[in-house]
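Okay, here's what each chain looks like letter by letter:
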Amino acid sequence: MKVLKFGGTSVGNPASIAAVIEILKQQPAPLPVVVVSAMSGVTNLLITMAEQAMQGQEYTGHLTELQNRHFEVVKALLPIQQQNPVFTRLKIYFNELEDLLQGVHTLKELTPKTRDLILSYGERCSAFMIARIAAQHFTEVLFTDAVELIKTDSTFGQAKVNTELSELLIRNFYTTHQQQLLIVTGFTGSNDAGQVTTLGRGGSDYTAALFGAALSASEIEIWTDVNGMMTADPRMVKKAFSLPELTYTEAMELSYFGAKVIYPPTMIPAFLKRIPIVIKNTFEPEFAGTTIQYKCQPSALAIKGISSINKVSVINVQGSGMVGKAGFSGRLFSLLSREQINIILITQSSSEHSITFAVSPADADKACLLIAQEFELELLAQKLETPVAEHNLSILAIVGENMKQTPGMSGKLFHALGRNGINVRAIAQGSSEYNVSVVITENDLAKAVNVVHEAFFTNLNKTLNVFCLGTGNIGKTLLRQLQEHSAYLEQNNRVQVRIAGISNTRKMLLNAEGIDLKNWQEQLQERGSQANLQEFVQQMKEMNLPNCVFVDNTASAAPIEHYAEVFKASISVVTCNKLGNSAAYNQYDAFHRLAIQHGVDFFYETNVGAGLPIIRTLKDLMISGDRVQRIEAVLSGTLSFIFNNFKGEANFHDVVKLAQEKGYTEPDPRDDLRGTDFMRKLLILARDAGYRMEAEDVQLENILPQASIAAQTVNDFYESLKAEDAYFNQLKQRAESSGKVLRYIGKLEDGKASISLQMVDDQHPFYMMSGSDNIIAFTTDRYKERPMVVKGPGAGAEVTAAGVFADLINVGASPLTP
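Sequence order as written defines the numbering, with residues in each chain counted from 1. Reporting in this predicted model follows two pLDDT cut-offs: at least 70 for local features of residues, and 80 or more for side-chain atom pairs to be given and counted; totals over whole chains, interfaces and linings ignore these cut-offs and use all residues. Here the side-chain values reflect all heavy atoms present in the structure, with hydrogen atoms and water set aside.

To continue, consider the overall build of the protein. For the protein, the helix and strand inventory stands at 30 helices and 29 strands. Principal-axis analysis of the C-alpha atoms places the extent of the protein at approximately 115 × 75 × 55 Å. Between buried and exposed lies partly exposed: a residue is buried under 20% and exposed over 50% of the maximum accessible area for its type, with that area taken using a 1.4 Å probe on protein chains only. Here the protein, with 818 residues, has 52% of them falling under the buried criterion. Looking at the protein alone, contacts between residues at least 24 apart form 72% of all its contacts between residues at least 6 apart. Entry remark: accessible area of the protein is about 35,600 Å², with carbon and sulfur atoms responsible for 49%. Looking at the protein, you have 73 positive and 86 negative side-chain charges, and the mean spots of the two groups are 2 Å apart. Secondary structure elements are taken from DSSP: a helix is a run of H or I of four residues or more, a strand is a run of E of two residues or more, and numbering for both begins at the N terminus. Throughout, a residue-residue contact means that at least one pair of heavy atoms, one from each residue, lies within 4.5 Å. Note on areas: these come from Shrake-Rupley sampling with a 1.4 Å probe, and a residue is covered only by the protein chains present in the view. We score Asp and Glu as negative and Lys and Arg as positive, and we do not count His or the chain ends. Lys charges are placed at NZ, Arg charges at CZ, Asp charges at CG and Glu charges at CD.

Another point: the sheet that holds strand 29 (residues 788-793). Paired strands, in this sense, are two strands between which DSSP finds at least two bridges. On the basis of which strands lie adjacent, the open sheet formed by 6 strands has the order 25-27-26-24-28-29 and mixed pairing. Taken across any chain shown, the strands that pair with only one partner, and hence form the sheet edges, are strand 25 (698-700) and strand 29. Here the strands of the sheet are splayed against their neighbours by 20 degrees on average, with no regard to which way each runs. Axis angles are defined between N-to-C directions and span 0 to 180 degrees, where every axis is a line fitted to C-alpha atoms and, for a helix, only to the segment in contact. Sitting on the sheet, helix 23 (residues 637-645) touches strand 24 (628-634), strand 26 (741-749), strand 27 (752-760) and strand 28 (773-780), and the angle it makes with strand 26 is about 145 degrees. Across the sheet, helix 26 (residues 676-688) touches strand 24, strand 25, strand 26, strand 27 and strand 28, and the angle it forms with strand 26 is around 35 degrees.

Together, Ile 268, Phe 271, Leu 272 and Tyr 294 give the surface a local cluster of nonpolar side chains, amounting to about 400 Å² of exposed area. Among the structural elements, Leu 272 can be located in helix 9 (residues 267-273). Patch definition: residues with relative accessible area over 30% and no salt bridge; like charges joined within 9 Å; nonpolar side chains (Val, Leu, Ile, Met, Phe, Trp, Tyr) joined within 5 Å. We count a salt bridge whenever a side-chain nitrogen from Lys or Arg sits within 4 Å of a carboxyl oxygen from Asp or Glu.

Looking now at the sheet that holds strand 19 (residues 507-510). Across the sheet, which stays open at both edges, the 7 strands sit in the order 20-19-18-17-21-22-23 with mixed pairing between neighbours. Looking at the sheet topology across the chains shown, the edges are occupied by strand 20 (529-530) and strand 23 (602-603). Relative to strand 20, strand 19 runs antiparallel, the two sharing 2 bridges. Opposite Lys 507, over in strand 20, you have Gln 530 as the bridge partner.

We now examine the nonpolar core. To form a nonpolar core, buried Ala, Val, Leu, Ile, Met, Phe, Trp, Tyr and Cys residues must be joined to one another through side-chain atoms within 4.5 Å. Of all hydrophobic cores here, the largest spans 74 residues; its most connected members are Phe 550, Phe 567, Ile 614, Phe 643, Phe 652, Leu 673 and Phe 778. Broken down by element, this core gets its largest block of residues, 7 residues, from helix 26. If we skip the residues at most four places from it in the chain, Leu 673 touches Leu 639, Ile 642, Phe 652, Val 656, Ile 703, Leu 704 and Phe 717. Ranked by size, the runner-up nonpolar core spans 54 residues in total, among them Ile 23, Leu 45, Met 49 and Phe 143.

On to helix 2 (residues 42-54), then. The span you would expect from a helix comes to 1.5 Å times its residue count less one. With 13 residues, helix 2 should cover 18 Å at 1.5 Å per step; its first-to-last C-alpha distance of 18 Å lies within 8% of that length. By the burial criterion, the buried members of helix 2 are Val 42, Thr 43, Leu 45, Leu 46, Ile 47, Met 49, Ala 50, Gln 52 and Ala 53. The first or second residue beyond helix 2 is Gly 56, which carries a positive phi of 75 degrees.

Considering every residue of the protein, the mean pLDDT works out to 93; 98% of them sit at 70 or more. Scored from 0 to 100, pLDDT reflects the predictor's confidence in each residue. In the model, residues 814-818 has pLDDT below 50 throughout and makes 12 contacts with residues more than four positions away in sequence or in other chains.

Moving on, we come to the packing of aromatic side chains. Stacked, tilted and edge-to-face pairs are distinguished by plane angle, under 30 degrees for stacked and over 60 for edge-to-face with tilted covering the rest, among Phe, Tyr and Trp rings (Trp via its six-membered ring) whose centres lie within 6.5 Å. Counted under the stated rule, the structure contains 26 aromatic pairs. Taking the centre distance of 6.0 Å and the plane angle of 45 degrees together, the rings of Phe 643 and Phe 652 count as tilted. Phe 652 carries the same exposure label as Phe 643, and that label is buried. When the ring of Phe 717 is compared with that of Tyr 718, the centres are 5.4 Å apart and the planes differ by 55 degrees; the resulting orientation is tilted.

As a further point, take the packing of helix 2 against helix 4 (residues 83-107). Contact geometry of helix 2 with helix 4 gives a least axis separation of 7 Å together with a crossing angle of 35 degrees. The two elements helix 2 and helix 4 meet at a crossing, and its hand is right-handed. Mapping the contact onto sequence places Leu 46, Met 49, Ala 50, Ala 53 and Met 54 in helix 2 and Leu 97, Leu 101, Val 104 and His 105 in helix 4. By the definition used in this description, the sense in which the near helix is turned from the far one sets the handedness, with an anticlockwise turn below a right angle giving left-handed and a clockwise turn giving right-handed.

Assignment of secondary structure puts Asn 607 in helix 21 (residues 606-609). Whenever a nitrogen or oxygen atom comes within 3.5 Å of another N or O atom, the pair is scored as a polar contact, on the condition that within protein one atom can donate a hydrogen and the other can accept it, and that pairs from neighbouring residues in sequence are kept only if both atoms are in side chains. Separated by 3.5 Å, the side chain of Asn 607 and the backbone oxygen of Asn 577 make a polar contact. Apart from the residues within four sequence positions on either side, Asn 607 is in contact with Thr 575, Cys 576, Asn 577, Lys 578, Asn 581, Lys 681 and Ile 684.

In this section: unusual backbone geometry. Cis geometry marks the peptide bond from Ala 29 to Pro 30, where omega comes out at -5 degrees. In the Ramachandran plot, Phe 187 falls in the positive-phi region, its phi being about 80 degrees despite a non-glycine side chain. Within the secondary structure, Phe 187 is located in the loop between strand 4 (181-185) and strand 5 (188-190). The phi dihedral of Asn 547 falls on the positive side, at around 50 degrees, and the residue is not glycine. Turning to its location among the elements, Asn 547 is positioned in the loop between helix 17 (533-543) and strand 21 (548-552).

The next point concerns the pairing of strand 2 (residues 33-36). Burial along strand 2 is two-sided: the residues Val 33 and Val 35 and Val 34 and Val 36 are all buried. Bridge count for strand 1 (residues 2-6) against strand 2 is 4 bridges, and the pairing is parallel. Paired with Val 3 across the bridge in strand 2 is Val 33. Handedness of a crossover is defined as follows: with both strands directed away from the viewer, a clockwise route from the first strand across the helix to the second makes it right-handed. For the handedness criterion, the β-α-β arrangement of strand 1, helix 1 (residues 14-25) and strand 2 is classed as right-handed. By the bridge criterion, 4 bridges tie strand 2 to strand 4 in an arrangement that is parallel. Within strand 4, the position partnered with Val 33 by the bridge is Leu 182.

A side chain of one charge can pair with a side chain of the opposite charge when the charged atoms of the two come close. Under the definition given, this model contains 32 salt bridges. Among the ionic pairs, Lys 541 bridges to Glu 565, the shortest N-O distance being 2.9 Å. Of this pair, Lys 541 sits in helix 17 while Glu 565 sits in helix 18 (residues 563-568), and the two are 24 residues apart along the sequence. On the accessibility criterion, Lys 541 (27% relative accessible area) is partly exposed. A salt bridge links Asp 807 to Arg 616, with the nearest nitrogen and oxygen atoms 2.9 Å apart. Taken together, the residues Asp 807 in helix 30 (residues 797-809) and Arg 616 in helix 22 (residues 614-623) connect sequence positions 191 residues apart. Taken together, the salt bridges that share partners define one network made up of Arg 630, Glu 632, Lys 747 and Glu 749.

Moving on to the packing of helix 2 against helix 5 (residues 112-134). It is the contact of helix 2 with helix 5, at a shortest axis distance of 9 Å, that shows an interaxial angle of 145 degrees. The handedness of the crossing between helix 2 and helix 5 comes out as right-handed. Touching Val 42, Thr 43, Leu 46, Ile 47, Ala 50 and Glu 51 of helix 2 are Arg 115, Ile 118, Leu 119, Tyr 121, Gly 122 and Glu 123, all from helix 5. In the scheme used here, Gly and all other residues not listed as nonpolar or charged are polar, with Ala, Val, Leu, Ile, Met, Phe, Trp, Tyr, Cys and Pro taken as nonpolar and Asp, Glu, Lys and Arg as charged. Residue composition of the contact of helix 2 with helix 5, by class: 7 nonpolar, 2 polar and 3 charged.

All right, on to the environment of Gln 660 then. Mapped onto the elements of the fold, Gln 660 is located in helix 24 (residues 652-661). Accessibility expressed as a relative area gives 23% for Gln 660, which makes it partly exposed. Put simply, Gln 660 and Thr 638 are 22 residues apart on the chain and 8.8 Å apart in space, counted from C-alpha to C-alpha. Apart from the residues lying within four places of it in its own chain, the contact partners of Gln 660 are Thr 665, Glu 666, Pro 667, Pro 669 and Tyr 718.

Moving on, we get to the environment of Val 34. Mapped onto the secondary structure, Val 34 falls in strand 2. Using a relative accessible area of 1% as the deciding quantity, one classes Val 34 as buried. Along the primary structure Val 34 and Ala 127 are separated by 93 residues, whereas in three dimensions their C-alpha atoms are 9.2 Å apart. Excluding its chain neighbours within four sequence positions, the residues that come into contact with Val 34 are Leu 4, Phe 6, Leu 24, Leu 181, Leu 182, Ile 183 and Val 184.

Moving on, we come to the side chain of Asp 552. Here Asp 552 shows up in strand 21. Of the side chains bearing the opposite charge, Lys 578 lies closest to the buried Asp 552, which forms no salt bridge; the N-O distance is 11 Å. In this structure Asp 552 touches Leu 469, Pro 559, Ile 560, Tyr 563, Val 574, Thr 575, Cys 576 and Asn 577, once residues within four positions along its chain are discounted.

What follows is the structure, given as C-alpha cells:
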C-alpha cells in the first residue's frame, strides 16, 4: 500500500481538490492512506489572526475569509443535499476557533500551546472537507484526526514524536479500518495529556512518513505543485530541471539547505525503513517526478543540485586564547545548544585561531551576548576578541554523492563565483564530500545560483546578459545578426544571448528578462526612458545579472570613462570603440589589469581590423612562444580603396570623391587621409605586441600637401586636390614606371612604429589588393621566409558587427563553460 500526502497548493481551491480526487481514483488496490495539509495560505492566516488577537486588534474579517474559502469549496464540489452536514461540522470548528481567539484577545496572551491548537484547525477543516468530498467517489471514507494517533512530547511548535508509541497506534488503527479510505490531518499530534501539538512547518510531510514507516508502505508519495525536486530553485534559475532520482542523503542535504519541496525530518522514518519517497505534481500527474531512495542508478552528473538559505548571520569567534585550548568548542556550542540556538554551518581555521558559524538572523544578537557572558574572563584578558555578527548573508550549497569521486568540484565552484565578482565569506565541506557550502552576500545569491548552475550542468545553454551601447550602423547590425542567429547559437554553440539593456544618445531601455530583438526599436522608442549613460551603467550594476557583458558600439569618448567602473563590477567589456585602447598607455594598461584582477574579459578585435582576426592572431602567436620580428599592415579601408583605385588615368581628386560617395570616408575626407585612425590601430597592435608606446611615438607621414590640409571647407579641400594633380600623378607614374603600386603602410619593427606611403612590387604581399581590403603581414621567428598574412574587408557595418558578435560569443570561454 501507499501513503499519499497532498500539500496546501494541492488542496487550495475547488479545481485542485477535484484534481486530487481524480488522482485518488486512479490508485490501484489496496486503498492508500491520504494525508492532507491545510488549504494554501490558511496556516499563515491562522498565525495572523492569533497575533492580531494577542495584540488586541480586529481579526474577525480574516475569520470570515477563512470560513468563506472552505464553504466555497463545499458548494463547488458537493451536491446541495449533502452540503448542510458539512457546513454544520465546519461551523463547529470555526466557532471553536473563534472562542480560542476571543480568549487570546481577552488575555492578550498567546502561549505556544494555544498557538498549536489554533493552527490545528487548518488541517482539521481541510481533511474533514476533503473526506466528505471523496465519499462521493469511494464506498468507505474516514476522516482521521492524527492528534489521536501521533504522540509527542510537549515541545509545542516543534514537538518530538514518540515513534514507538505512534507506530503502534497507527498500526492498530489501520488494521481496524484498512477497508476504508483514510483522510488524515497532517502537521498535528498530541502529548500524553491529549493536548494538541504541531510538528513544525512542513510537518504534514512528517505525518506521511510516520504513517508510511508504521505501515511498511511500498512508497510514500508527496504531491505538490512542482515536478519533483529540481536542480535549483526555479524561481531563481529558469533553466532548473527535475531530477529523476536522489538518494536519501542527497535529498536531506538539499532540503536542509533550503529546498522546500519536502521537510527535512520527513525522510528519517522512511530512511530507517528504506521506503522510497516520490515527489509528484498534482497538476501534472503523468510526470514521473523524483524518486528518493536508498540507492540510485549511476549518474553522469557530478552534482545533483544547488540549494540555498536566503538569510543567515555569521558570527566569528577568534583570539589567541583558543589556540590549543581543549574544550573551547565544547563550551561554545554547548552554550548555544542550551539556549536553543541552531547552528546552520560551522568552519574552523586549521590554526585553531578562529571559529566561524552561521545562525538565523533572529538568533545572532542573542548568540553574541551569550558568548560575551560565557567568555567574559577571556575577553577581559584580551585572549578573545568581542564576537560580532555579520548580517545580510546567504548560504549556497552544491550537493551530490558523486562529488567525492570527481576531482575539481571546489575549483569549478570558486571559478564560477569569482569570475562573476561574488566574494566567498566562509566555506564548509564535510569529509563525506556530499556537500560544499559557501557563505556569500545576500544580494549576490540569485546571480551565484545561476552561474554555479551553468558551470555544473554543462548540458544546458550558457546565457550571456548583454547591455548594448550605441544603435548606429554597427549597433543596429549587431542586434539584427544576434536575432537572426539566435537559434543557431543555442543549438550549435549552447549559448543564449539575452539583451538586457539598449541605449543610444536619446533613449535607454533595460529589462532583466531580456528585450525582444524582433521589435527592439519600437520598444526602445515607446518604453525607453531618457538616455543617461551614468544611470544606464548604474542600473546594469544593480541588476547584478550573471555572465554580464557591456558592449560599446560607439565611437564616443563618453563610454570609455565608465570602463573601469564596469570592470570593477565584474562585467566583461566588448568594444569596437578604439578610443579606450589608443589613448594614454596608462589607461590601456589599467583596463587590462582591471579585467585580469576581476576575472572578466576585455575583447576589442574590431579596434584594428573590423571582423578580421588580427588581434587574436597576434596573441596566439605570442602565447605559443613565437617572437614577432615585424608587422606590416594596411589598416585603413578608406586609404586602401583610394590607392587600390588610384591607377591608370584616374585622378587622385576623383578617387577620393568616389570613396566619399561610396560611404568609405568621413564627411570630411581629411579625417581619413591624415592617417589618425590608422595610427590608433597600429598603436593598439604595438601595445598588444608588448611595447609601451604613446600616440606621439608613431611616426605618421602626411600624404596631403599643406594647402589641402589648410583648406577652410570640404569644397575648398577638393579644389586644392585638383590643384595638386601634378604632385599625385607624379607619385603614381613613378610607381607604375618601376612596376610597383602605391600603398599606405604601417610598420612595427624593433619597437618603432611608422606609417608612410610606400611603393611595393609584385613580390610584396600587399601588391595584389582590391576594394577596401585590409591586410596585415606577421613576420616572426616561425614565419620568417613567408610572413603570415591576414586579408579581407576592413570596414563596413556587416563585418565590424560580425567581429563584435564573435568577441561576444567568446566571453567566458573556458574549460568550465560551454
